[in-house]
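Take a look at the letters that make up each chain.
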Amino acid sequence: MDGGDRRMSSAQERWSYRWGPLPSSVAPYVPTPIQVVRRMLELAEAGEDDVVYDLGCGDGRILFTAVEEFGVKKAVGYELNASMCESIMRRVRERGLEGRIEVVNGNLFLADLREASIVTLYLTTSGNSKLRPKLEEELRPGARVVSHDFPIRGWRTVKGGYPDHYSYGTHRIYVYRVPDAFRIVYEDSGDDRWRRLREIFLRLERGNRD
Ligand SMILES: C[S@@+](CC[C@H](N)C(=O)[O-])C[C@H]1O[C@@H](n2cnc3c(N)ncnc32)[C@H](O)[C@@H]1O
């Protein structure tokens, strides 16, 4: 077992301990059109200070666009398909982008997201739900999560209102900012619970007086 395998296996133990069975593939390969990739990165306000993680990176188009067009510091992809990873690494070498683009041929649920300032997703709604607790635990304040076509249930987008997503043709783009995406939702639900309790209390009080 080399260092990388050992890191993966301890990440796997940590996942199982915290969240149960490790999910495997959560989406088939369907590429995001390049104009939608650009719009996603614009909405995430990607720039030179950012580290972008594309979880399920396919052919690496988000990684290359982030580095070559938006000048981000680093882009990291996780992908189960080995031949796609090899082809990305070949292009990285051809373009001299070693150190700026990394790809891990492994399960995205085992990625360490603590250094990510932007996470991009094109998975499924149920895949996003499985990932949600990890995003909430590992992402730093200020990090953005941009999801193509599928929302993260229980989170609130930066757009708010209706609709809660941006559109590019028929494509939907959901943009979230950590921790507002989930802190406000939880605080609201706390308020709701408190308001409901207060109403019950007032009704009981009135009942006792009448
Ligand atoms: C819909 S494609 C998106 C590709 C790319 N992000 C894009 O937007 O063009 C989803 C990709 O996620 C990969 N994938 C699905 N589940 C995965 C997992 N558990 N770990 C790593 N990759 C995964 C699939 O192999 C597929 O290439």
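Bear in mind the structure is a predicted one, so any value in this text is a computation, not a measurement. (Residues numbered from 1 in each chain as written. Predicted model: local features only at pLDDT ≥ 70, side-chain atom pairs only at ≥ 80, totals over all residues.)

Draft legend 1. Looking closely at the overall build of the protein. Summing up its helical and strand segments, the protein has six helices and seven strands in all. Element order for the protein, N to C, with α for helix and β for strand: α-α-β-α-β-α-β-β-α-β-β-β-α. Out of the 210 residues belonging to the protein, those deemed buried represent 32%. Taking as baseline every contact in the protein between residues at least 6 positions apart, the subset at least 24 positions apart corresponds to 67%. (Helix = DSSP H or I, 4+ residues; strand = E, 2+ residues; numbered from the N terminus. Buried ≥ 20, exposed ≤ 12 C-beta atoms within 10 Å, placed from the backbone. Contact = placed C-beta atoms within 7 Å.)

Draft legend 2. Region of interest: the environment of Ser 117. Tracing the sequence through the fold places Ser 117 in the loop between β3 (101-104) and β4 (118-121). Overall, Ser 117 belongs to the buried group, with 22 C-beta atoms counted inside 10 Å. For the pair Ser 117 and Ala 46, spaced 71 residues apart in the sequence, the C-alpha separation amounts to 9.0 Å. Beyond its immediate sequence surroundings of up to four residues, Ser 117 is in contact with Asp 50, Val 51, Gly 142 and Ala 143.

Draft legend 3. Just the sheet that holds strand β7 (residues 171-177), in detail. Spatial strand order, β3-β2-β1-β4-β5-β7-β6: seven strands in an open sheet with mixed pairing. Since the sheet does not close on itself, it has two edges, and those belong to β3 and β6 (166-168), each with one partner. Neighbour-to-neighbour, the strand axes of this sheet turn through a mean angle of 20°, independent of strand direction. In this structure, strand β2 (residues 74-78) lies alongside β3, joined through four bridges in parallel fashion. Across the sheet, residue Val 76 finds its bridge partner in β3, namely Glu 102. In the packing of helix α3 (residues 61-68) onto the sheet, the strands contacted are β1 (51-55), β2, β3 and β4, and the crossing angle to β2 comes to about 175°. (Pairing = 2+ DSSP bridges. Axes fitted to C-alpha atoms, helices over the stretch in contact; angles between N-to-C directions.)

Draft legend 4. Spotlight on the site of the ligand. Taken together, 23 residues are adjacent to the ligand, and Thr 32, Gly 56, Gly 58, Leu 108 and Tyr 122 come closest. Here the residues of the shell around the ligand sort into twelve nonpolar, eight polar and three charged. (Near = placed C-beta within 6 Å. Nonpolar A, V, L, I, M, F, W, Y, C, P; charged D, E, K, R; others polar.)

Draft legend 5. A look at helix α5 (residues 125-138). Between its first and last C-alpha, α5 extends 20 Å over 14 residues, near the 20 Å set by a 1.5 Å rise per residue. For α5, the principal kink sits at Leu 131 and spans about 40°; a proline, Pro 133, occurs within the next four residues. Turning to α5, its buried residues are Gly 127, Asn 128, Leu 131, Lys 134 and Leu 135. Of the surrounding secondary structure, the elements contacted by the buried residues of α5 are β4 and β5 (144-148). (Expected span 1.5 Å × (residues − 1). Bend = angle between axes of the 7 residues up to and from the residue.)

Draft legend 6. Examining the nonpolar core more closely. Within the largest apolar cluster, 47 residues are counted, with the highest numbers of intra-cluster contacts made by Tyr 53, Leu 63, Ala 66, Ala 75, Ile 118, Val 119 and Val 145. Examining the composition of this core, we find that five residues originate from one element, α3, more than from any other. Not counting the four nearest positions on each side in its chain, Val 145 is found in contact with Val 119, Leu 121, Leu 135, Ile 152 and Tyr 176. (Core = buried A, V, L, I, M, F, W, Y, C linked by C-beta atoms within 7 Å.)

Draft legend 7. Spotlight on unusual backbone geometry. Omega for the bond connecting Tyr 162 with Pro 163 falls within 30 degrees of zero, at -5°, which places this linkage in the cis form. Along the chain, Val 178 connects to Pro 179 via a cis peptide bond; the corresponding omega equals 5°. Within the fold, Pro 179 resides in the loop between β7 and α6 (180-209). Of note, Glu 45 is a non-glycine position whose phi angle comes to about 55°, a positive value. Taking the number of C-beta atoms within 10 Å as the measure of exposure, Glu 45 has 13 and is therefore partly exposed. Not every positive phi belongs to a glycine, and Asp 149 is a case in point at roughly 65°. Topologically, Asp 149 is positioned in the loop between β5 and β6. Classification of Asp 149 by C-beta neighbours within 10 Å gives partly exposed; the count is 18.

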